[in-house]
Amino acid sequence: MALDEYKKKRDFTKSPEPAGKDGRKSPAGKTARFFCVQKHLASHLHYDLRLEHNGVLLSWAVPKGPALDPATNRLAMHVEDHPFEYGEFEGVIPEGYGAGIVMLWDRGTWTPESDDVEAALAKGDLKFTLDGYKLKGSWVLVRTKGGAKWSSGDSDRSWLLIKHRDQWSGELDITEFAPLSVKSEGDFADILAEDNPDVWRSNRPAQGGDTGKLFERIIAQAVAMKTGRSEGSEGSKASSRSESSKRSSRATTTKKAAASKKR
Ligand code: MN
């Protein structure tokens, strides 16, 4: 089954990730179906692009995230298919594979630009249109090396994610400009504060380096948020209010910018 590799890598008694169900029917041909991008802070920060196809989510890990500039090719590593239910997942993975924080960074629909997705994947050239909250317009995934293999477990996992030039392309750094969740409107610290900031007390997903520092900062923020919330004093109420209004004004800015890009 398509989800064998996904299931083999995870222990669902320890991970909050969905185990997934088989048997979902997905639309075929040039029909819109679900897509999402999950921002995943694990041993390294990356963005997981997931496209619904044949009942599962085809998945690519994009270390630098999508770029709206057609001149910028982003490396996209093909990884194991994920269950359809994964597409709404946001939360904290306490241990094991992918331990860290998952944020639902974008979601919407994707539409293949050719009728035969299987053929496009086998060829290593999948053109599609996205209609998400942050990502829109025409894109392509191109396999970098020759070789006709597509199935997971092969060695040709290296693809490039490239934006086509259209009304949605541009120089704006979308990962910087719109860094927050489309589900909770929060950042990593908010997601962690909803869960347990102490979850990696003994084995943090990244110790040293930039990622280790990022984890330290996010954990400290989450602890502070949680302490503020549980105190329930006037001061902490006021500060959490200002924090959430700051967040919604950021979300409004994103909407405005997305709308103004449409012209
Ligand atoms: Mn990931």
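Sequence positions are assigned chain by chain, starting from 1 and proceeding in written order. The predicted nature of this model means local features are confined to residues of pLDDT at least 70 and side-chain atom pairs, given and counted, to a pLDDT of 80 or more, with totals for whole chains, interfaces and linings taken over all residues.

Caption draft 1: Inspection of the pairing of strand S9 (residues 158–163) at higher detail. DSSP-based pairing: two strands are paired if at least 2 bridges between them are found. Helix numbering and strand numbering both begin at the N terminus, where a helix is a DSSP run of H or I of at least 4 residues and a strand a DSSP run of E of at least 2. Relative to S9, strand S4 (residues 74–83) is paired through four bridges, and the arrangement is antiparallel. Following the sheet pairing, Leu75 is matched in S9 by Leu160.

Caption draft 2: Region of the structure containing the nonpolar core. For this entry, the nonpolar core is defined as buried Ala, Val, Leu, Ile, Met, Phe, Trp, Tyr and Cys residues connected by C-beta atoms within 7 Å. Three exposure classes are used, based on other C-beta atoms lying within 10 Å of a residue's own C-beta, which is placed from the backbone: buried for 20 or more, exposed for 12 or fewer, and partly exposed in between. By size, the foremost hydrophobic cluster in this structure holds 47 residues, and its most contacted members are Leu49, Trp60, Ile101, Leu161, Phe188 and Leu192. Broken down by element, this core gets its largest block of residues, six residues, from strand S6 (residues 100–112). Residues are treated as contacting if the C-beta atoms built from their backbones sit within 7 Å of each other. Once residues lying within four places of it in the same chain are set aside, the contact partners of Leu192 are Val92, Ile101, Pro197, Ile218, Ile219 and Ala222. Judged by nonpolar contacts, the second largest core, of five residues, contains Ala67, Leu68, Trp168 and Ile174.

Caption draft 3: View of the pairing of strand S7 (residues 125–132). As paired elements, S6 and S7 share five bridges and run antiparallel to each other. Note that in S7 the partner of Gly108 across the bridge is Gly132. In terms of strand pairing, S7 meets strand S8 (residues 136–143) through seven bridges, oriented antiparallel. Across the sheet, residue Leu126 finds its bridge partner in S8, namely Leu141. Taking the residues that link successive antiparallel strands as the turn, the S7-S8 hairpin has three residues.

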